[in-house]
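Residue-level structural notes
Take a look at the letters that make up each chain.
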Amino acid sequence: LSGDGVVQPGDSLAVEFYARNEDVWVRVWRKKYEAITDFQQVLIPIIQDRFLKNGFRMRFLNYGSLSGSFDHWHLDYMRLGAQRTLRTSIPRILC
């Protein structure tokens, strides 16, 4: 997470999954803005049948200041994989 160091109401990053049969995007995770911090791993299980369809889609939404190059989020090493668990972690060499 990085940014201008000034927390504004609503500054956040969100993840949404698309529910094809309902034709809606569903927010499944949200993180409010924080001052610069170390890398944080986030695991988001995809277990609801409404998302487990051919053509699975997800999107990231960034809410932040529009007055300049502030409130950036850096996403790295995103992985979708069957048979993963909440105990799964990324290799330490990547941290």
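The structure we're discussing is the one just above.
All values derive from a computational prediction rather than experimental measurement.

Digging into the environment of V42
Assignment of secondary structure puts V42 in the loop between β2 (24–32) and β3 (58–63). Given the relative accessible area of 39%, V42 is considered partly exposed.

Notes on the pairing of strand β1 (residues 12–19)
When you tally the buried positions in β1, you get eight out of eight residues, the bulk of the element. Neither face of β1 is left uncovered, since the one carrying S12, A14, E16 and Y18 and the one carrying L13, V15, F17 and A19 both have all their residues buried. Alignment of β1 against β2, held across eight bridges, turns out to be antiparallel. Looking at the pairing, V15 lines up with W29 of β2. Hairpin remark: β1 followed by β2, antiparallel, with four residues in the connecting loop; positive phi at D23, about 55°. Note: β1 against β3, six bridges, orientation antiparallel. Residue pairing in the sheet places S12 in a bridge with Y63 of β3.

Digging into the nonpolar core
Among the nonpolar cores identified, the biggest contains five residues, and these are V15, F17, A19, V26 and F51. Ignoring sequence-local partners within four residues, the contact set of V26 consists of V15, E16, F17, A19, R50 and F51.

Quick look at the environment of R57
Among the secondary structure elements, R57 is positioned in the loop between β2 and β3. Spatially, the C-alpha atoms of R57 and A19 are 8.4 Å apart, while their sequence positions differ by 38 residues.

Things to note about the sheet that holds β1
Ordered by their spatial adjacency, three strands build an open sheet running β2-β1-β3, and the pairing between neighbours is antiparallel. Since the sheet does not close on itself, it has two edges, and those belong to β2 and β3, each with one partner. Here the average twist between neighbouring strands, direction ignored, is 25°.

What counts and what doesn't
- In every chain, residue numbers begin from 1 and rise along the written sequence.
- Owing to the predicted nature of the model, reporting of local features is limited to residues with pLDDT of at least 70; listing and counting of side-chain atom pairs is limited to 80 or more, with chain, interface and lining totals taken over all residues.
- Side-chain measures here rest on the full set of heavy atoms in the structure, leaving out hydrogens and waters.
- Helix and strand labels come from DSSP, where a helix needs a run of H or I of at least four residues and a strand needs a run of E of at least two; each type is numbered from the N terminus.
- Between buried and exposed lies partly exposed: a residue is buried under 20% and exposed over 50% of the maximum accessible area for its type, with that area taken using a 1.4 Å probe on protein chains only.
- Paired strands, in this sense, are two strands between which DSSP finds at least two bridges.
- Note on terminology: a nonpolar core comprises buried Ala, Val, Leu, Ile, Met, Phe, Trp, Tyr and Cys residues joined through side-chain atoms within 4.5 Å.
- Only heavy atoms matter for contacts: two residues are in contact if any of them lie within 4.5 Å across the pair.
- Axis definition: a line fitted to C-alpha atoms, over the contacting stretch in the case of helices. Angles run 0 to 180 degrees between N-to-C directions.

It is worth stressing that arrangement in space is one thing and function is another; only the former is reported here.
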